[in-house]
There are 2 protein chains.
Amino acid sequence: MRATIIHGPSDIRVEDREYPTVLQPTDAVVKVTAACVCGSDLWPYRGVKPTHEPSAIGHEFIGLVESLGDQVSTLAVGDLVIAPFVVSCGKCPQCLNGVTVDCDRLAGWGGTDDAGLPVDDGQGQAVRVPLADSTLVKVPGITEPDDALRASLLTLSDVMATGHHAALKAQAGPGRTVVVVGDGAVGLCGVLAAKRLGAERIIAMSRHADRQAIAREFGATDIVEERGDEGVAKVRELLGGVLADSVLECVGTKESMEQALHCVRPGGALGFVGVPTGGAEIPLRYLFDTNISVGGGMASARSYIPELLADVLAGKINPGRVFDVVMPLEEAPEAYRAMDERRAIKVLLVP
Amino acid sequence: MRATIIHGPSDIRVEDREYPTVLQPTDAVVKVTAACVCGSDLWPYRGVKPTHEPSAIGHEFIGLVESLGDQVSTLAVGDLVIAPFVVSCGKCPQCLNGVTVDCDRLAGWGGTDDAGLPVDDGQGQAVRVPLADSTLVKVPGITEPDDALRASLLTLSDVMATGHHAALKAQAGPGRTVVVVGDGAVGLCGVLAAKRLGAERIIAMSRHADRQAIAREFGATDIVEERGDEGVAKVRELLGGVLADSVLECVGTKESMEQALHCVRPGGALGFVGVPTGGAEIPLRYLFDTNISVGGGMASARSYIPELLADVLAGKINPGRVFDVVMPLEEAPEAYRAMDERRAIKVLLVP
């Protein structure tokens, strides 16, 4: 089969790999019908994260079940399934608490599972999925979604779940004012998630017309282009002299974390899902003095998918709008270039 | 009148001060019937916080309204009132959000109000209370509480409200497991607050038999004497192999903050009310990796008092048990010594 391999900075290739098979009785093999490039895939692409040897890459995909191990009980061959961005067991204390990203048997795509067996990456034609029952989520009654639905289902794998996580941790909800820092796919999904949770006023911080347009479509009531102190001042002005109840941080840099923190009112909440990089920190004394709550981290997509999926299938949310480019899998190198150069918000790859 | 003045480290004196009068139409003058020494009063006493000139001290008191300005509408002369540990206006955005500790017109006891007029300290015979309507809380139907009730009412001024704040921010509630780090009056009130909110299992970290006894009386199901990694291991053992859903940090040192953070399970919550000192910080990457939420700071006692007061008056909670010593105001120097040397948990002063 064909799959995407990263060889080093700016060196993405689509190569031949052995077709996966069921190795454990709890496995499924999934034929990928749609995959995509994540903002975090750009870290090794940009050399920010080292690539020591050629590695399979990609952790967001949906597809059709092709074969199953004997112990898989909730899935059938032919089912359309969504893969969250990590493998989880569904039985350990963390999974039972809904925190599947800290599962005792955690595994990522493109590496190995907890038995040391290889797991394929998402940006390829097929994937062996360990712990299939507890990892995959079946899309009921549909096997051939149209393009728009396919795109929305794919976002549940990561970006929409992550935006939802940020919104939950920021305590977005009815009557709340919200600021979203970051206008990538996750930030845009954060806008949509805040709207879905009932937020009253949603300010998207963005300088790009195309992203601003999607933010507005997703429920943003206001756009702020200013950054730093000017951005904070603009938020305060828009909200009648006070800062926001809820702020979603969807980037992870020192600057964006400060921007986000300084947009939260006393007693408000910050949800952060951007992986902290470049020295991003939050001074504890600042939290003490402002009574601001902070929470975030990786989204437990597996826990969130069922409720988000219901809204996607009911047509209530269309997070797939974050995909502005669709390419065949063979063009993965160009997909990375387009996202790296910010010519694309998010690229959907069709194997 | 007589009032407590700090002159420098270990130098507390009870001295003569001018009796307060109504200076603004929104003032009340309150005759103090009970006051107390706070753990935070020990910072200047120990020289950790400098004392540049003799200063009035004490921020927790209850008393009887003695005189009122023309614009005070909700109080009457003779009312028994609880003073939260800061003055607040009740009208600014922060007060309307329930975050009275960040009030636009914030003032503390023993300093000056926002008009620059002097405010008396709580450890004295009488206090001019600015913004009386929005600051004081009337105790309905009672003017002469017995000793036990008097003590419990006094805790609402600070320590019980602060324990409640920690428990709320730690998301303590039904079905949750809780760890409380710190066995001072606030930590003990944190145990009581967690119990009141319905927590299922409450582990108090304490090495003092007298404090352990009160913790158990307040609802602690387990006591852990170990500290550091051993303490974390003990918590994990007690909770069947996992860490706590909710942890209350009620000290503020680097060590106690680490102890608290490392007792929280992935996806759990930490409520911190100890003022961060000695380099206490929380690494953002740790929060990201563990999905732990953090919130805390000063408690908006004014917002919490009504519901806590209802439970005190109904006899549901008896937070006044944290007072293990009662002294006349004139013995304030000995009260400070007793608390500094940990001979007393908390001293109640009677003017």
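Residues numbered from 1 in each chain as written. Chains lettered and ligands numbered in written order. Predicted model: local features only at pLDDT ≥ 70, side-chain atom pairs only at ≥ 80, totals over all residues. Heavy atoms only, no water.

Novice: Would you explain the sheet that holds strand 4 (residues 55-56) of chain B in this entry?
Specialist: Strands in a sheet are paired, the pairing made by backbone hydrogen bonds, and the direction either parallel or antiparallel. Residue and element names in this part refer to chain B. The 3 strands lie next to each other as 2-1-4, forming an open sheet whose pairing is antiparallel. Each end of this open sheet is capped by a strand with a single partner; those strands are strand 2 (11-16) and strand 4. In this sheet, strand 4 lies alongside strand 1 (residues 2-8) in antiparallel orientation, the contact comprising 2 bridges. If you follow I6 over to strand 4, its bridge partner there is S55. With respect to the sheet, helix 12 (residues 332-340) is in contact with strand 1 and strand 2, its orientation differing from that of strand 2 by roughly 155°. (Pairing = 2+ DSSP bridges. Helix = DSSP H or I, 4+ residues; strand = E, 2+ residues; numbered from the N terminus. Contact = heavy atoms within 4.5 Å. Axes fitted to C-alpha atoms, helices over the stretch in contact; angles between N-to-C directions.)

Novice: So what exactly am I meant to see when it comes to the UniProt feature "domain: Alcohol dehydrogenase-like N-terminal" (unreviewed entry) in chain A here?
Specialist: What UniProt calls "domain: Alcohol dehydrogenase-like N-terminal" (unreviewed entry) maps, in this numbering, to residues 25-116 of chain A. Spanning residues 25-116 of chain A, this segment combines 10% helix with 29% strand, and its end C-alpha atoms are found 15 Å apart. (UniProt positions renumbered as here; feature names shortened; annotations may be inferred.)

Novice: It is not clear to me how the domain arrangement of chain A should be interpreted in this structure. Could you clarify?
Specialist: A common way to report how large an interface is uses the accessible area buried once the components associate. All names here are of chain A. We note that the domain assignment places domain 1 (2-158 + 300-350) and domain 2 (159-296) within chain A. Contacts between the two partners involve 21 residues from domain 1 and, on the opposite side, 21 residues from domain 2. Here domain 1 and domain 2 share an interface that buries about 1800 Å² over both sides, 63% of which is from carbon and sulfur atoms. There are 4 salt bridges connecting domain 1 and domain 2. Put simply, R321 and E217 hold a salt bridge, and the shortest N to O gap is 2.7 Å. Summed over the shared surface of domain 1 and domain 2, the number is 10 residue pairs in polar contact (both at pLDDT 80 or more). (Domains from an automatic or database assignment. Buried area = accessible area lost by both parts, 1.4 Å probe. Salt bridge = Lys/Arg side-chain N within 4 Å of Asp/Glu carboxyl O. Polar contact = N/O pair within 3.5 Å; in protein donor to acceptor, adjacent residues only side chain to side chain.)

Novice: Can you help me understand the sheet that holds strand 1 (residues 2-8) of chain A in this one?
Specialist: Residue and element names in this part refer to chain A. On the basis of which strands lie adjacent, the open sheet formed by 3 strands has the order 2-1-4 and antiparallel pairing. A single partner strand is all that each edge strand has here, and the edge strands are strand 2 (11-16) and strand 4 (55-56). Packing against the sheet, helix 12 (residues 332-340) makes contact with strand 1 and strand 2, and its axis sits at approximately 155° to strand 2.

Novice: Is there a simple way to explain helix 7 (residues 209-218) of chain A in this structure?
Specialist: Along an α-helix, residues three or four positions apart point the same way, because every turn accommodates 3.6 residues. All names here are of chain A. For helix 7, every residue scored as buried is listed here: R211, Q212, I214, A215 and F218. One face of helix 7 carries all of its buried residues, which in axial projection span an arc of 165°. On its buried side, helix 7 packs onto helix 6 (185-196), strand 12 (201-205) and strand 13 (222-224). G219 sits one or two positions beyond helix 7 and adopts a positive phi of about 125°. (Buried < 20%, exposed > 50% of the residue type's maximum accessible area, 1.4 Å probe, protein only. Arc of directions from axis to C-beta.)

Novice: How do you make sense of the interface of chain B and chain A when you look at a structure like this?
Specialist: Each partner contributes residues to the interface: chain B has 37 residues there, and chain A has 37 residues. Here chain B meets chain A over a buried area of about 2800 Å², counting both sides, of which 59% is carbon and sulfur. Counting across the interface, chain B meets chain A through 0 salt bridges. Linking chain B with chain A are 11 residue pairs in polar contact (both at pLDDT 80 or more).

Novice: Help me understand the state of the cysteines, please; the structure alone is not making it clear to me.
Specialist: What we call a disulfide is simply a covalent bond connecting the sulfur atoms of a pair of cysteines. Under the criterion given, the structure shown has 0 disulfides over all chains. Not part of a disulfide, B:C92 finds its nearest cysteine sulfur in B:C95, a span of 3.8 Å. (Disulfide = S-S within 2.5 Å.)

Novice: Explain the packing of helix 5 (residues 159-169) of chain B against helix 6 (residues 185-196) of chain B here, please?
Specialist: In a packed pair of helices, the relevant descriptors are the angle between the two axes and the axis-to-axis distance. Residues and elements named next belong to chain B. Where helix 5 meets helix 6, the closest approach of the two axes is 7 Å, and the angle between their N-to-C directions is 55°. On the basis of the axis angle, helix 5 is oblique to helix 6. Read as a crossing pair, helix 5 and helix 6 show a hand that is right-handed. Between helix 5 and helix 6, the residues in contact are V159, M160, T162, G163, H164 and A167 and A185, V186, C189, G190, L192, A193, A194 and R196, respectively. Residue classes in the contact of helix 5 with helix 6 are distributed as 9 nonpolar, 4 polar and 1 charged. (Parallel < 35°, antiparallel > 145°, perpendicular 65-115°, else oblique. Left-handed = near helix turned anticlockwise from the far one by under 90°. Nonpolar A, V, L, I, M, F, W, Y, C, P; charged D, E, K, R; others polar.)

Novice: Sorry if this is basic, but what is going on with the relation of the copies chain B and chain A here?
Specialist: Note that the two copies of the chain are related through a rotation about an axis and a translation along the same axis. For the match of chain B to chain A, the screw axis carries a shift of 0.0 Å, the RMSD comes to 0.0 Å, and the turn is 180°. On this basis, the relationship between the two copies can be described by a two-fold rotation axis. Residue B:V294, judged by its C-alpha, is the member of chain B lying nearest the rotation axis, at 2.6 Å. The residues that chain B uses at the interface reappear at the interface of chain A in 100% of cases, marking a shared surface. (Least-squares fit on C-alpha atoms with pLDDT ≥ 70 in both.)

Novice: What am I meant to see in the pairing of strand 6 (residues 80-83) of chain A here?
Specialist: Looking down a regular strand, the side chains alternate between one sheet face and the other. Residue and element names in this part refer to chain A. Residues of strand 6 alternate between two faces, with L80 and I82 on one and V81 and A83 on the opposite face, all of them buried. Both strand 5 (residues 61-68) and strand 6 contribute to a ladder of 4 bridges, which runs antiparallel. Looking at strand 6, one finds that L64 is bridged to L80. As paired elements, strand 6 and strand 10 (residues 137-138) share 2 bridges and run antiparallel to each other. Looking across to strand 10, one finds that I82 is bridged to V137.

Novice: Could you clarify how one ought to interpret the packing of aromatic side chains in this entry?
Specialist: Aromatic rings considered in pairs are described by the distance between their centres and by the relative angle of their planes. A full pass over the atoms with the stated rule returns 6 aromatic pairs over all chains. When the centroid spacing of 6.1 Å and the interplanar angle of 45° are considered together, the rings of A:F272 and B:F288 count as tilted. Residue A:F272 is located in strand 15 (residues 264-272), and its partner B:F288 is located in helix 10 (residues 284-290); the two belong to separate chains. Accessibility classification places A:F272 together with B:F288 in one group, the buried group. (Phe/Tyr/Trp six-rings, centres within 6.5 Å; stacked < 30°, edge-to-face > 60°.)

Novice: Where do I start with the pairing of strand 17 (residues 325-328) of chain B in this structure?
Specialist: Residue and element names in this part refer to chain B. Relative to strand 18 (residues 347-350), strand 17 is paired through 4 bridges, and the arrangement is parallel. Residue pairing for strand 18: P328 is matched across the bridge by V350. Once the chain exits strand 17 it traverses helix 12 before rejoining the sheet at strand 18, and the crossover so formed is right-handed. (Right-handed = clockwise from strand over helix to strand, strands pointing away.)

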